[in-house]
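Summary of the model geometry
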Amino acid sequence: MFKNKLSASADAGESSASGLQYRHMGAIATLVLISLLSSLAGTPSYHTISNCWEGLLWGIADPVLGLNRLAGIVAIGLLCAGVVRGSLIAASFVIAALCGTAIYLSPLNLPDAQIAIALNTIALGAVLVLPTQLNWLALTALSIIAGLFQGYANGESTIGLGMVTLVTYVAGITLTQSVIIICAREIGRLLGVGELNQLLPNKIRLTGLAFCAIGIVFLGNSVIF
C-alpha cells in the first residue's frame, strides 16, 4: 500500500511537470507565431509612440516582433537552465539591454546593430548545438553582448519620448524579456538540461540549429539591405 502511494505520488509529480512544460512551450510557441506573422507583415522595427499606454504596449511587443531577437532571448533562457549561475546570466542580459538603450540615447554609437544581433543569435544557437556547455563566464559575455545590441536596436523607438513614456516603454521591454527567459529556462530544466548533466538533449540541439538558421537568414538580409 505504501509503495502504491509512492507510485501514485511520483506519477502525479511527473504529470504536473509535464503539464508545466507544455504550458511554457505553448507560451513560447505563441510568441514565435506572433513574431513570424509580424515579420511576414513587414512590421517596422521602430514605431511612433505618442503616450505612456502606447509606450507600454510597444515595449511589451518589441522583443517578440523580431524573430532573430526572440530567438536570441529564448536561447539565453535555455542556456541558463544548465549552469550554476543561470540567474546571473539572465540578469546580465536584461541589464545590458537597458544599457544598450541608454547608449542609443547618448552620443555613443554601436555600429551595425542588426548584423551584431544576427551574429549573436548564430553564436547562441551554436552553443546549444555543442555537445557540452561553455562555462558561465563565456555565456555571461554572450548574454551581455546580445543585451547591449538588442537594447541599442530598441532605442530607435525612444527618440523624442518624454521621460514617463520612455520609462513605460523600457519597463514593457524588460517585462517581456524576463518572462521569455524564465519560460525558456523552465523548459530547459524540464527537458533535462541540468547542472549535473552537461550533455544537452537532442531537442535542445535541434532548437539550436533552428536558431542558427534564423540568424543566418537575418544576417543575409542585414548585409544585403
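The structure contained in this document is the topic of the report that follows. (Residues numbered from 1 in each chain as written. Predicted model: local features only at pLDDT ≥ 70, side-chain atom pairs only at ≥ 80, totals over all residues. Heavy atoms only, no water.)

Positive phi outside glycine occurs at Asp 112, with the angle close to 50°. Looking at where Asp 112 falls in the secondary structure, it is placed in the loop between helix 4 (86-105) and helix 5 (113-129). (Helix = DSSP H or I, 4+ residues; strand = E, 2+ residues; numbered from the N terminus.)

The terminal C-alpha atoms of helix 8 (residues 202-224), which comprises 23 residues, lie 33 Å apart, in line with the 33 Å expected from a rise of 1.5 Å per residue. Buried within helix 8 are the following residues: Ile 204, Gly 208, Phe 211, Cys 212, Ile 214, Gly 215 and Leu 219. Residues of helix 8 that are buried in the fold lie against helix 3 (67-80) and helix 5. (Expected span 1.5 Å × (residues − 1). Buried < 20%, exposed > 50% of the residue type's maximum accessible area, 1.4 Å probe, protein only. Contact = heavy atoms within 4.5 Å.)

Moving on to the packing of helix 3 against helix 6 (residues 136-154). The packing of two helices is summarised by the inter-axis angle and the distance between the axes. Where helix 3 meets helix 6, the closest approach of the two axes is 11 Å, and the angle between their N-to-C directions is 155°. As far as their axial angle goes, helix 6 and helix 3 are roughly antiparallel. Here helix 3 and helix 6 pass one another in a crossing that is left-handed. Residues Arg 69, Gly 72, Ile 73, Ile 76 and Leu 79 of helix 3 touch helix 6, and the partners they reach there are Leu 139, Ser 143, Ala 146, Gln 150, Ala 153 and Asn 154. Of the residues that constitute the contact of helix 3 with helix 6, the class distribution is six nonpolar, four polar and one charged. (Axes fitted to C-alpha atoms, helices over the stretch in contact; angles between N-to-C directions. Parallel < 35°, antiparallel > 145°, perpendicular 65-115°, else oblique. Left-handed = near helix turned anticlockwise from the far one by under 90°. Nonpolar A, V, L, I, M, F, W, Y, C, P; charged D, E, K, R; others polar.)

The subject of this paragraph is the packing of aromatic side chains. The full count for this structure, using the stated rule, is one aromatic pair. Taken together, a centroid distance of 5.0 Å and an interplanar angle of 70° make the contact between Tyr 104 and Tyr 152 edge-to-face. Pair noted here: Tyr 104 is in helix 4 and Tyr 152 is in helix 6, with a separation of 48 residues, a long-range link. (Phe/Tyr/Trp six-rings, centres within 6.5 Å; stacked < 30°, edge-to-face > 60°.)

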